[in-house]
Structure formats: C-alpha cells, structure tokens
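# Chains, contacts and geometry: an overview
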Amino acid sequence: MSGPLVVVHRDARLLAQAVAARIVTAITDAQAVRETASIVLTGGGIGGATLRELAASPARDAIDWGRLDVWWGDERFLPAGHPDRNETQAREALLSQVPLDSNRVHPMASTDGPDGDDMDAAASRYADQLATAGAPFDVLLLGVGPDGHVASLFPGAPALDEERTVLPVRGASPTTPARISLCMGTINTAREVWLLAAGEEKSAAVKAALAGAALPAAAAKGTVATKWLLDRAAASSL
C-alpha cells in the first residue's frame, strides 16, 4: 500500500460535500463487487455535516441502503436518544431519511441498554457483533481532534495499547468521561480509512500526524487506502 492520499478543499462545506460524494462512489462500487457494503460513521462537526450533505444529495439514491451495514467508531456512553450520542446525531442527519434495513444498523450500547451501566459488557457485546459480521469495513470515517485523537483513542492513553476489538474508555473528557471505542487494531482492518479535519485548530495535529508523530491519527491506516480529507484551514500548516 502506498502512503496516504491528502486532498484539500477550499472550506468545510465543500469538504463535507466532497466526502459525501466519495461515500456514494465507494459504497456503490463495493456493492457492485460484493453485493453488500459497510461503513463506520464518525461524530463531530465535519462528520455530521458530511451526513447532512449526503442526505441532501440526489446521488444518495445510487446506494442500495438495504444492503448497507452501518457501524460506529466510538460513542458516548449515555442513554439512547441523548443529543450528544453520535448515533442520535447520525439518525437526525441522515439515517432516518434513507431506507436502511434496521438489522444492519449497529449502534454502540447505551446506558439504558441490555448491559445497563456496565461498560465492559457493552464493549464486549459490540465486539461480538463485529465478530459475527466478519467482513472488514469498506469505509471507516474518523474525525481528527485538535490533539490528534481519533474515535475515543487519545494521545498517551493506555487504550492505545489495547488488543481488544472494542474497549470502554473512561475519563476521556470532563463532560463525557465514559465512552466506547473501536481499538486501533480494529480501525486498521478497514479497507479504506478516511481522516477528516476542518478548521485551523486542527492544523497542528494534521501536520504532526502526517509527519509520523506518535499520535492516534498517525496510526490509523486502511488496508487498501488511507485518505486525509481536509479543508484549507486544517491543511494550513502543511
């Protein structure tokens, strides 16, 4: 596999539109080859904007939504429907507007789910779902944080050395300390990993990760392709 592809767009809106168009192409191509396809969604500003642009695009109908598996890279461990959950935001932005097969939508557990507030059991449950699905992800989206974190894998955290498929993350931030996240090893099974960043506050992390610094964003790589999809502000330090 060659090095990462870096694509820079004029602003965050164009970035979201371009990523939405890439999703249509990647998923329809995957479905043409393997009949089904899978995508891992990310939260954050650019992740949500991308889903809204996809919902607004007439090209979205090129995807056979009933043959698409939807997963998440990480999630805040909160009650179902909480506005801070990536699942809630994704459903509002896109998923409620397309004809998905509900059995192919795989949200991470909530605190009012079958495992209650047991984060370890909730993470294990998601790992079991991934093991049952078996096939690698076609496209895995990751928002890049200003500190270079991806999913809920933060620089210097013990979670980076985890060998589990999915893990609970405690103390991730003061506002949402409890999260569930895919491990880096799981992320790196995806055929394509797309790292998304918009805004000047991301520029230092983008530069450092692309230079090979010891950041989670630098460690995320697809088995077929790794793509850094940026706006000009996020790329301003390159």
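Residues numbered from 1 in each chain as written. Predicted model: local features only at pLDDT ≥ 70, side-chain atom pairs only at ≥ 80, totals over all residues. Heavy atoms only, no water.

## Brief notes about the overall build of the chain
As a reminder of what qualifies: Each helix is a run of H or I in the DSSP string that is no shorter than four residues. Each strand is a run of E no shorter than two, and both are numbered from the N terminus. Each residue is placed in one exposure class: buried if its accessible area under a 1.4 Å probe, protein chains only, is under 20% of its type's maximum, exposed if it is over 50%, and partly exposed if it falls in between. By definition in these notes, contact holds between two residues if any of their heavy atoms fall within 4.5 Å.
Counting its secondary structure elements, the chain contains seven helices and nine strands. Oriented by its inertia axes, the alpha-carbon framework of the chain measures out at about 45 × 40 × 35 Å. In the chain, which comprises 238 residues, the share counted as buried stands at 52%. The long-range fraction of contacts in the chain, counting pairs at least 24 apart against all pairs at least 6 apart in sequence, stands at 77%.

## Quick look at the packing of helix α1 (residues 12–34) against helix α2 (residues 44–56)
As a reminder, the rule being used: Lines are fitted to the C-alpha atoms to define the axes, a helix being fitted only along its stretch in contact, and any angle between axes, read from their N-to-C directions, falls within 0 to 180 degrees. Geometric relationships in this document are graded by angle, where less than 35 degrees denotes roughly parallel, more than 145 denotes roughly antiparallel, 65 to 115 denotes roughly perpendicular, and other angles denote oblique. A crossing counts as left-handed when the near helix is turned anticlockwise from the far one by less than a right angle, and as right-handed when that turn is clockwise. Note that Gly is not counted as nonpolar here; it falls among the polar residues with everything else outside the nonpolar set of Ala, Val, Leu, Ile, Met, Phe, Trp, Tyr, Cys and Pro and the charged set of Asp, Glu, Lys and Arg.
It is at 8 Å that the axes of α1 and α2 come closest, and there the two elements cross at 60 degrees. One element, α1, and the other, α2, form an angle in the oblique class. As for how α1 packs across α2, the hand of that crossing is right-handed. Counted together, Ala12, Arg13, Leu15, Ala16, Gln17, Val19, Ala20, Ile23 and Val24 of α1 and Ile46, Ala49, Thr50, Glu53 and Leu54 of α2 form the full contact between these two elements. Considering only residue class, the contact of α1 with α2 consists of 10 nonpolar, two polar and two charged.

## Considering empty space enclosed by the protein
Cut-off, in case you're wondering: Only protein atoms enter the 1 Å grid used here, on which a cavity is any set of points holding a 1.4 Å probe that cannot leave and a pocket is any open set flanked by protein within 12 Å on both sides along at least five of seven lines; residues with an atom within 4 Å of a point are listed as lining. Grid points are joined across faces, edges and corners, and a volume is the space filled by probe spheres set on the points.
According to the stated counting rule, one finds two cavities of 30 Å³ or more in the structure shown. Counted as a void, the largest cavity has a volume near 60 Å³. Ile23, Ile27, Ile39, Leu41, Leu51, Leu54, Ile63, Trp65, Leu68, Val70, Leu94 and Leu95 together form the lining of the largest cavity. For the lining of the largest cavity, the elements supplying multiple residues, two or more each, are α1, β2 (37–41), α2 and β3 (68–72). Residues that form the lining of the largest cavity fall into these classes: 12 nonpolar, no polar and no charged. Roughly 50 Å³ of volume is contained in the second largest cavity. Looking at the lining of the second largest cavity, the elements that each hand over two or more residues are α2 and α3 (86–93). Broken down by class, the residue content of the lining of the second largest cavity amounts to three nonpolar, seven polar and no charged.

## Some remarks on the environment of Leu78
The topology assignment puts Leu78 in the loop between β4 (74–76) and α3. For the pair formed by Leu78 and Gly113, sequence separation is 35 residues and the distance between their alpha carbons is 9.7 Å. The residues touching Leu78, leaving out its near neighbours within four places in the chain, are Asp84, Arg85, Ser110 and Thr111.

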